[in-house]
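# Results of the structural survey
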Amino acid sequence: MKRRTFLKGSAAAVGGAAALGFDLRQARAEMRELKISRTTETRSICPYCAVSCGVIIHTLGDKAKNVKGAVVHVEGDPDAPINRGTLCPKGATLREDINNPNRLLTPKVRRPGSDHWEEIGWDDAVKGIARHIKDTRDRTFVAKNAKGQVVNRTPGMAMIGGCTDTNEFNYLVVKTMRSLGVCYLENQARV
């Protein structure tokens, strides 16, 4: 049997059930209700490419002190003007990426000369990143070019933004990077 014949037959069967008096609206509504009942909806942006498709993330958990929320379903946001509820295969598997046991949830560092990664706290990570930025800027800062013109740039650093960053966020990041003298800037924001 060909695919098209099968689909036509399926449509005829559904139409026949409706003709016999079966009302499928309630069954469809209950199916939808069961899949996402008792969940909290959070609208977000798919993080995979620069298209910025809207997604709705459904989580279980009442946000009580000892309850950890769990993502149970991810779907395209029908109100998002970019994707209108559709998702590509990568976006459709977002739930599996969020719930992946190998996903990093804490910062890690590999010390110079070490052969393994070690967990560190968020405060230490932020301080370490700030220290590396300051050291790199001090080491690579160019005040004047070969002609003696003032350029005030730092060619030793670059910045790239993600596709989930909004234009407003990227505006602030670009201003911050420019104040450090960073010349190489790129972002994927289309929101």
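Each remark here, short or long, concerns the structure printed above.
Described below are features of the structure shown in this document. (Residues numbered from 1 in each chain as written. Predicted model: local features only at pLDDT ≥ 70, side-chain atom pairs only at ≥ 80, totals over all residues. Heavy atoms only, no water.)

### Details of helix α6 (residues 167–180)
Over its 14 residues, α6 runs 20 Å from end to end, which matches the ideal 20 Å to within 8%, given 1.5 Å per residue. Burial in α6 covers these residues: Asn170, Val173 and Met177. All buried residues of α6 project into a common sector of 60° when viewed along the axis, lining one side. Opposite its buried face, α6 presents the exposed residues Glu168, Tyr171, Leu172 and Ser179, each directed more than 90 degrees away. Against the buried residues of α6 lie β7 (150–161) and β8 (182–187). Residue Gly181 follows α6 closely and has a positive phi angle near 90°. (Helix = DSSP H or I, 4+ residues; strand = E, 2+ residues; numbered from the N terminus. Expected span 1.5 Å × (residues − 1). Buried < 20%, exposed > 50% of the residue type's maximum accessible area, 1.4 Å probe, protein only. Arc of directions from axis to C-beta. Contact = heavy atoms within 4.5 Å.)

### Observations concerning the nonpolar core
In terms of nonpolar packing, the biggest core is built from 7 residues, these being Cys46, Cys53, Val55, Ile57, Val71, Val74 and Leu94. Elements supplying a minimum of two residues to this core: β2 (54–60) and β3 (70–76). If we skip the residues at most four places from it in the chain, Cys53 touches Ser44, Ile45, Cys46, Asn83 and Leu87. Residues Met159, Val173, Met177 and Val182 belong to the second largest nonpolar core, which totals 5 residues. (Core = buried A, V, L, I, M, F, W, Y, C linked by side-chain atoms within 4.5 Å.)

### Describing the environment of Leu94
Secondary-structure assignment places Leu94 in helix α4 (residues 94–98). Given the relative accessible area of 6%, Leu94 is considered buried. Expressed as a C-alpha distance, the spacing of Leu94 and Pro47, which sit 47 residues apart in the sequence, is 8.9 Å. Not counting chain neighbours up to four residues away, the residues in contact with Leu94 comprise Pro47, Tyr48, Val55 and Val74.

### Focus: the pairing of β7
Across 2 bridges, strand β6 (residues 142–144) lies against β7 in antiparallel orientation. Within β7, the position partnered with Val142 by the bridge is Arg153. Connecting β6 to the antiparallel partner β7 that follows it, the hairpin turn spans 5 residues, and Gly148 within it adopts a positive phi of roughly 90°. Bridge count for β7 against β8 is 5 bridges, and the pairing is parallel. In the sheet register, Ile160 faces β8, and the bridge partner there is Glu186. (Pairing = 2+ DSSP bridges.)

### Describing the sheet that holds β3
Read across the sheet, 3 strands follow the order β1-β2-β3 without closing on themselves; strand pairing throughout is antiparallel. Of all the strands in the sheet, the pair left with one neighbour each is β1 (40–45) and β3. Averaged over neighbouring strand pairs, the angle between their axes works out to 30° when direction is ignored. (Axes fitted to C-alpha atoms, helices over the stretch in contact; angles between N-to-C directions.)

### A short note on the pattern of salt bridges
Close approach of charged atoms allows side chains of opposite charge to pair. Per the counting criterion, the structure on display carries 7 salt bridges. The shortest N-O distance in the salt bridge between Arg43 and Asp79 comes to 3.4 Å. Of this pair, Arg43 sits in strand β1 while Asp79 sits in the loop between β3 and α3 (89–92); the two residues are 36 residues apart in sequence, bridging distant segments of the chain. Its relative accessible area of 46% is what places Arg43 among the partly exposed residues. As a salt-bridge pair, Arg111 and Glu118 come within 3.5 Å of each other at their nearest N and O atoms. (Salt bridge = Lys/Arg side-chain N within 4 Å of Asp/Glu carboxyl O.)

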